[in-house]
Amino acid sequence: MANLNIDSVKQRTYDAIVIGSGISGGWAAKELTEKGLKTLVLERGREVKHNRDYPTTNMMPYEFDHRGEVPLEIREKEPVVSRCYAFREDAMHFFVKDSEHPYVQEKPFDWIRGYQVGGKSLLWARQTQRWSDLDFDGPARDGFAVDWPIRYKDLAPWYSYVEKFAGISGNNDGLAELPDGDFLPAYPLNSVEDYFKQKLKANYGNRHVISARCAHLSKPNQVHLDQGRGQCQNRTLCQRGCPFGGYFSSNSSTLPWAERTGNMTLLPFSVVESVIYDEKAGKATGVRVIDANTKEATEYYAKVIFVNAAALNTNHILLNSTSSRFPNGLGNDSGVLGKYVAFHNYRARISAEYDGLLEYATDGRNPAGGGYIPRFRNLHKQETDFLRGYAAGFSANRYKGEDRSGFGEDLKRQLLNPSWSNWKVGSHMMGETIPKEENYVSLSADKKDAWGIPQLNISVGYDDNDEKMVKDYIEQMTEMFTKAGFTNIRANDSKQAPGLDIHEMGGVRMGHDPKTSMLNKYNQLHACQNVFVTDGACMTSTSTQNPSLTYMALAARAVDYAVSELKKGNLS
Amino acid sequence: MDRRSVVKGLLIFAGGAVMLPSCVLDESKASIPLDNLDVSEGQEQLLAQLVETIIPATDTPGGKAMGLHLFTLKMVDDCHGKEDREVFMKGMDAFDELAKKQAGDSFTKLSPAEQRDVVAAVNEGKASEEVLGFYAILKGETIKGYLNSELVMTKLRVYELVPGRYDAYYPVNKEQIS
């Protein structure tokens with residue numbers, strides 16, 4: 001028996017464990033396995049194999065029972081996920097249903113989740129911008145949160161590293177606030193996007209419209225072909241999973257790459273209950289997993305553990321990883337675990353029309369979505385009554401629309417002979433929010449999930465700074481649109497709950513000081529050095545960029561450090 | 001117990017060999033399963049005739065042959081709220097009453113020309129709020145079903161699943177502008 005048990009433990013022992021297979025977990029898995037570590041990747045949801053498990057990917061609109069609409073019964077049963085723009089009939093199967101994974105909303109929070117291999121990397125909006133020092137400097141300059149323990153120079157080579165592999169299309173725009181990168185050719189701005197770009201430059205000087213940088217293979221390199229991926233075919237049906245591997249996801253890129261090393265073991269249906277801490281050894285020894293279906297518990301062991309469960313789930317696991325050494329959650333000597341959660345303020349959008357440049361339209365589809373306006377407020381110094389600022393999307397489109405006024409043969413003729421609309425322009429804000437102690441997540445004292453784990457309690461809200469920023473965005477965009485000659489300008493504050501931005505961050509923040517932060521400059525828990533967190537939970541502040549590219553770069557960098565430390569014997 | 005079972009039960013009770021009056025036949029159910037709407041065969045026929053009037057057969061098929069009435073029923077049944085469903089059902093009855101009042105008979109019994117006259121008035125907004133509410137839902141779903149049909153998407157206004165291109169400065173003729 002004893003020997004059998006030893007064998008069993010041996011079989012459940014790896015060099016490294018990665019919790020989560022989404023965008024950052026996929027990167028950790030790729031890097032660890034490439035460096036020769038036998039790596040166990042744990043995913044709480046089902047397997048989703050590239051192509052094999054994209055059931056709707058080649059369906060025509062008329063093949064969907066409700067032509068894309070989500071039936072009312074589902075919308076009423078799953079109100080939170082139903083508010084997500086991408087929760088449609090073609091991709092419903094890649095989203096967590098509220099009813100299956102309940103959580104406690106101390107304040108309204110629309111928590112959008114993807115529990116399957118690949119996580120939300122299948123579903124993301126694929127926008128990828130680097131941070132600059134104007135972002136990393138934010139907390140120190142403006143006196144909130146804590147200082148980031150890294151600066152742009154620390155991450156720059158790792159941005160290049162992940163950009164080259166993932167495939168990021170974009171231009172080198174030469175902007176201090178949005179560093180250039182290693183890009184594939186950009187998707188061009190269209191005539192009205194270019195026109196607005198020129199108008200902004202003429203009217204403001206420091207406000208820019210650039211081609212949105214996105215994780216699409218506009219022109220694949222050998223490294224992308226080697227991944228089995230091909231050129232983006234402009235379907236813009238990405239949320240279904242792409243048969244061409246045209247956009248970056250764990251499923252199409254990092255996970256198959258890791259698998260090919262022969263060093264990866266991927267275990268779906270594995271709900272991580274906690275990280276196991278060994279008091280004598282003074283380090284984590286493994287993780288406790290509950291089988292999502294049988295609910296049987298199993299322990300797995302490794303020298304190094306990467307927690308990449310998605311921002312709030314990573315908080316959840318660490319909070320639930322208690323021991324006499326860490327009664328308040330793993331590595332939580334400071335008491336800041338779960339606190340200083342922040343997100344992106346997506347509340348405001350604006351639309352208008354333009355009757356110029358009607359000699360142009362567009363043909364085909366732009367997977368980048370159009371233009372991007374980098375942050376221009378409070379960039380180099382404080383100039384408004386609110387802290388930080390916002391980036392914005394900007395796009396212009398014309399539609400082939402049809403007159404629907406008639407009936408009978410007239411209507412049929414109308415429907416089959418559409419004509420070009422004028423230009424419809426639109427923008428949405430992506431505001432930085434300030435991490436605060438009172439925006440937190442914690443374990444519910446009385447509610448448990450189906451696996452016996454305390455539910456996550458979420459208490460995250462807007463503050464006065466966010467309200468001022470919404471107001472400023474609407475004022476400034478209205479002015480910019482007016483100066484460009486756009487008409488019928490309509491701005492809207494959706495007042496949507498935090499969470500719907502799907503950019504929740506923090507709770508396990510990086511920092512210099514173990515007394516006020518959880519992670520050091522290598523994403524390593526200050527107080528439990530063989531555990532690393534490189535997903536959204538690690539973020540000290542949010543800035544305005546879409547965050548995934550930064551998670552990828554941080555994950556690759558942290559693995560490089562972890563493996564070098566392992567080799568030096570510093571983690572064992 | 002649903003009405004179909006009741007009618008079936010009556011038939012069995014009566015020994016089967018009975019001539020059913022037409023009003024009972026009208027109580028037969030729609031030909032597709034519905035969870036929230038209680039639609040009779042007669043009402044389904046009304047809808048079929050109505051979508052055919054809205055999108056008639058020409059050199060290409062019309063709404064009835066394309067099953068747009070069934071698509072509308074499915075959408076109203078699965079995707080619309082309770083309020084819409086009530087508007088739809090009440091307005092459908094009111095629409096048939098309007099046909100009787102305006103043209104002297106149930107909509108399905110009218111000639112195509114008479115049917116067009118009834119719809120013409122409704123399409124111009126000359127009807128009660130009830131009828132207009134019903135018509136708006138029906139016309140909206142009929143157009144959605146038509147534009148998102150295999151016929152239209154593969155032959156008449158071709159939808160490209162895989163465009164494989166993006167032209168940011170696509171030239172447009174002035175004539176194409178509405």
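Residues numbered from 1 in each chain as written. Chains lettered and ligands numbered in written order. Predicted model: local features only at pLDDT ≥ 70, side-chain atom pairs only at ≥ 80, totals over all residues. Heavy atoms only, no water.

## A few points about the overall build of chain A
To keep things clear, this is the line we draw: Under the scheme used here, helices are H or I runs from DSSP no shorter than 4 residues and strands are E runs no shorter than 2 residues, and both carry numbers assigned from the N terminus. Categorising residues by exposure relies on relative accessible area from a 1.4 Å probe, with only protein chains included: less than 20% of the type maximum marks a residue as buried, more than 50% marks it as exposed, and the intermediate range marks it as partly exposed.
Helix and strand counts for chain A stand at 14 helices and 23 strands. With respect to the three principal axes, the spread of C-alpha positions in chain A is 85 × 55 × 50 Å. Taking all 572 residues of chain A together, 63% fall into the buried category.

## As for the overall build of chain B
Under the convention used in this document: Contacts were defined at the residue level, with two residues in contact if any of their heavy atoms lie within 4.5 Å. Throughout, the Shrake-Rupley method with a 1.4 Å probe supplies accessible areas, and for residues the shown protein chains are the sole cover considered.
If you tally the helices and strands in chain B, you get eight helices and one strand. The helix and strand sequence of chain B, counted from the amino end, reads α-α-α-α-α-α-α-α-β. When the 178 residues of chain B are sorted by exposure, 41% land in the buried category. Within chain B, contacts between residues at least 6 apart in sequence are counted, and of these 58% link residues at least 24 apart. Accessible surface, chain B as shown: approximately 9500 Å² in total, 54% of it carbon and sulfur.

## Description of the packing of helix α2 (residues 23-34) of chain A against helix α10 (residues 250-260) of chain A
Residues and elements named next belong to chain A. Worth spelling out the cut-off: The convention used is that axes are lines fitted to C-alpha atoms, helices contributing only their stretch in contact, and that angles between N-to-C directions extend from 0 to 180 degrees. By the definition adopted for this analysis, an angle is roughly parallel if under 35 degrees, roughly antiparallel if over 145, roughly perpendicular if from 65 to 115, and oblique otherwise. Should the near helix be turned anticlockwise from the far one by less than a right angle, the crossing is termed left-handed; should it be turned clockwise, right-handed. In this count, Pro and Cys sit with the nonpolar residues alongside Ala, Val, Leu, Ile, Met, Phe, Trp and Tyr, while Asp, Glu, Lys and Arg are called charged and the others, Gly among them, polar.
Where α2 contacts α10, the axes come no closer than 7 Å and their chain directions differ by 25°. Between α2 and α10, the angle falls in the class roughly parallel. Note that α2 runs across α10; the crossing there is left-handed. Every residue of α10 that contacts α2 at Ile 23, Gly 26, Trp 27, Ala 29, Lys 30, Thr 33 and Glu 34 is listed here: Ser 250, Thr 254, Leu 255, Trp 257 and Ala 258. Grouping the constituent residues of the contact of α2 with α10 by class yields six nonpolar, four polar and two charged.

## Quick notes on the UniProt feature "domain: Glucose-methanol-choline oxidoreductase N-terminal" (unreviewed entry) in chain A
Applicable threshold: UniProt positions are given in the numbering used here, feature names are shortened, and annotations may be inferred rather than shown by experiment.
Feature annotation in UniProt assigns "domain: Glucose-methanol-choline oxidoreductase N-terminal" (unreviewed entry) to the following positions: residues 105-323 of chain A. In this annotation, residues 105-323 of chain A is assigned 29% helix and 16% strand; the end-to-end C-alpha distance for the span is 27 Å.

## Description of the packing of aromatic side chains
Residues and elements named next belong to chain A. The cut-off we apply is this: Here a pair means two rings of Phe, Tyr or Trp (six-membered ring of Trp) with centres within 6.5 Å. Their orientation is stacked below 30 degrees between planes, edge-to-face above 60, and tilted elsewhere. A positively charged side chain is recorded as over a ring if its NZ (Lys) or CZ (Arg) lies within 6 Å of the ring centre. The angle to the ring normal must also be within 35 degrees.
Across all of its chains, the model carries 33 aromatic pairs over all chains by this definition. One aromatic cluster in this structure is built from Trp 27, Trp 124, Trp 158, Tyr 161, Phe 165, Phe 248 and Trp 257. Here Arg 44 stacks its cationic end above the ring of Trp 451, 5.2 Å away from the centre of that ring. Between Arg 113 and the ring centre of Trp 111, over which it is positioned, the NZ or CZ distance is 4.2 Å.

## Structural notes on the pairing of strand β17 (residues 423-432) of chain A
Residues and elements named next belong to chain A. Quick note on the threshold: At least two DSSP bridges between two strands are needed for those strands to be called paired.
Most of β17 sits out of view: eight of its ten residues are buried. Here strand β10 (residues 344-345) runs beside β17; their pairing, made up of two bridges, is antiparallel. Within β17, the residue paired with His 344 across the bridge is Glu 432. Relative to β17, strand β11 (residues 348-354) is paired through six bridges, and the arrangement is antiparallel. Counted as the bridge partner of Glu 353 is Lys 424 from β17. Pairing between strand β14 (residues 390-397) and β17: eight bridges, direction antiparallel. Paired with Phe 394 across the two strands is Ser 427, which belongs to β17.

## Some remarks on the interface of chain A and chain B
In many analyses, interface size is given as the accessible surface area lost on bringing the parts together. To keep things clear, this is the line we draw: Two parts lose some accessible area (1.4 Å probe) when they are put together, and adding that loss for both gives the buried area.
Listed per partner, the contact involves 50 residues of chain A and 53 residues of chain B. Between chain A and chain B, the buried area comes to about 4500 Å², and carbon and sulfur atoms account for 61% of it. By the criterion of area lost to chain B, the three top residues of chain A are Asp 363, Phe 407 and Lys 412 of chain A, representing 17% of everything that side buries. Broken down by secondary-structure element, the contributors of at least two residues to the side of chain A that touches chain B are α3 (72-77), α8 (191-204), β12 (360-364), α12 (408-416) and β16 (419-420) of chain A. Residue contributions to the side of chain A that touches chain B peak at six residues, all from α12 of chain A. Here the residues of the side of chain A that touches chain B sort into 20 nonpolar, 13 polar and 17 charged. Here β12 of chain A runs beside strand β1 (residues 166-171) of chain B; their pairing, made up of four bridges, is antiparallel. Bridging from a neighbouring strand, Ala 361 of chain A pairs with Tyr 170 of chain B of β1 of chain B.

## Side note on the sheet that holds strand β3 (residues 104-105) of chain A
An order of β3-β19-β18 (chain A) is seen for the three strands of this open sheet, with the pairing classed as mixed. Strands with a single pairing partner mark the edges of an open sheet, and in this sheet they are β3 and β18 (440-448) of chain A.

## Describing the pattern of salt bridges
The condition is simple: The term salt bridge refers to a side-chain nitrogen of Lys or Arg lying within 4 Å of a carboxyl oxygen of Asp or Glu.
Within the structure shown, the criterion is met by 46 salt bridges over all chains. Notably, a salt bridge pairs Lys 568 of chain A with Glu 565 of chain A, separated by 3.3 Å at the nearest N-O pair. Residue classification places Glu 565 of chain A among the buried positions, given a relative accessible area of 9%. For Asp 78 of chain B, the salt bridge identified is with Lys 74 of chain B, shortest N-O distance 3.3 Å. With Asp 78 of chain B and Lys 74 of chain B both in helix α4 (residues 68-79) and four residues apart, the pair spans about one turn of that helix. Exposure remark for Asp 78 of chain B: the relative accessible area of 17% places this residue in the buried category.

## Re the nonpolar core
Stated formally: Among buried residues, the Ala, Val, Leu, Ile, Met, Phe, Trp, Tyr and Cys ones that are joined through side-chain atoms within 4.5 Å form a nonpolar core.
Residues Ile 19 and Val 287 of chain A are the most contacted members of the largest nonpolar core, which totals 94 residues. Apart from the residues lying within four places of it in its own chain, the contact partners of Val 287 of chain A are Ile 17, Ile 19, Leu 42, Val 272, Ser 274, Val 275, Ile 276, Thr 298, Glu 299, Tyr 300 and Ile 305 of chain A. In this structure, Met 89, Leu 110, Phe 134 and Leu 138 of chain B belong to the second largest nonpolar core, which totals 37 residues.

## Notes on the UniProt feature "domain: Glucose-methanol-choline oxidoreductase C-terminal" (unreviewed entry) in chain A
Residues annotated by UniProt as "domain: Glucose-methanol-choline oxidoreductase C-terminal" (unreviewed entry) correspond here to residues 435-555 of chain A. Across residues 435-555 of chain A, the secondary structure splits into 23% helix and 27% strand, with the terminal C-alpha atoms separated by 22 Å.

## What about helix α11 (residues 311-319) of chain A?
Across the nine residues that make up α11 of chain A, a large majority, nine, are buried. Every buried residue belonging to α11 of chain A is among Ala 311, Leu 312, Asn 313, Thr 314, Asn 315, His 316, Ile 317, Leu 318 and Leu 319 of chain A, and all of these are buried.

## A word on the packing of helix α3 (residues 41-54) of chain B against helix α6 (residues 112-123) of chain B
Residue and element names in this part refer to chain B. One way to put it is that α3 packs onto α6 with a least axis distance of 10 Å and a crossing angle of 80°. Here α3 lies roughly perpendicular to α6, going by the angle between them. Contacts between α3 and α6 pair Gln 49, Leu 50 and Thr 53 from the former with Gln 115, Arg 116 and Val 119 from the latter. Tallied by class, the residues present in the contact of α3 with α6 amount to two nonpolar, three polar and one charged.

## Considering the environment of Val 272 of chain A
All names here are of chain A. With respect to the element layout, Val 272 can be found in strand β6 (residues 270-278). C-alpha of Val 272 to C-alpha of Ala 292: the two residues are 20 residues apart in sequence and 9.5 Å apart in space. Residues in contact with Val 272, not counting those within four places in the same chain, are Ile 19, Leu 42, Val 287, Arg 288, Val 289, Ile 317 and Ile 453.

## Description of the pairing of strand β7 (residues 283-291) of chain A
Residue and element names in this part refer to chain A. The sheet contact formed by β6 and β7 spans eight bridges and is antiparallel. Among the inter-strand pairings, Ser 274 is bridged to a residue of β7, identified as Arg 288. Relative to strand β8 (residues 297-307), β7 runs antiparallel, the two sharing five bridges. Directly across from Gly 286, in β8, lies its bridge partner Tyr 301.

## Topic: the side chain of Ser 252 of chain A
Residue and element names in this part refer to chain A. By secondary structure assignment, the location of Ser 252 is in helix α10. Residue Ser 252 is classed as buried on the basis of its relative accessible area of 2%. Those residues in contact with Ser 252, other than ones at most four positions away along the chain, are His 50, Tyr 54, Gln 227, Arg 229, Gly 245 and Tyr 247.

## Focus on the state of the cysteines
Test applied: Here, a disulfide means two cysteine sulfur atoms that sit within 2.5 Å of each other.
A full pass over the atoms with the stated rule returns zero disulfides over all chains. We note that Cys 242 of chain A lacks a disulfide partner, and the nearest cysteine sulfur, in Cys 238 of chain A, lies 6.6 Å from it. With no disulfide of its own, Cys 79 of chain B lies 18 Å from the sulfur of Cys 84 of chain A, the closest cysteine sulfur. With relative accessibility at 5%, the residue Cys 79 of chain B sits in the buried group.

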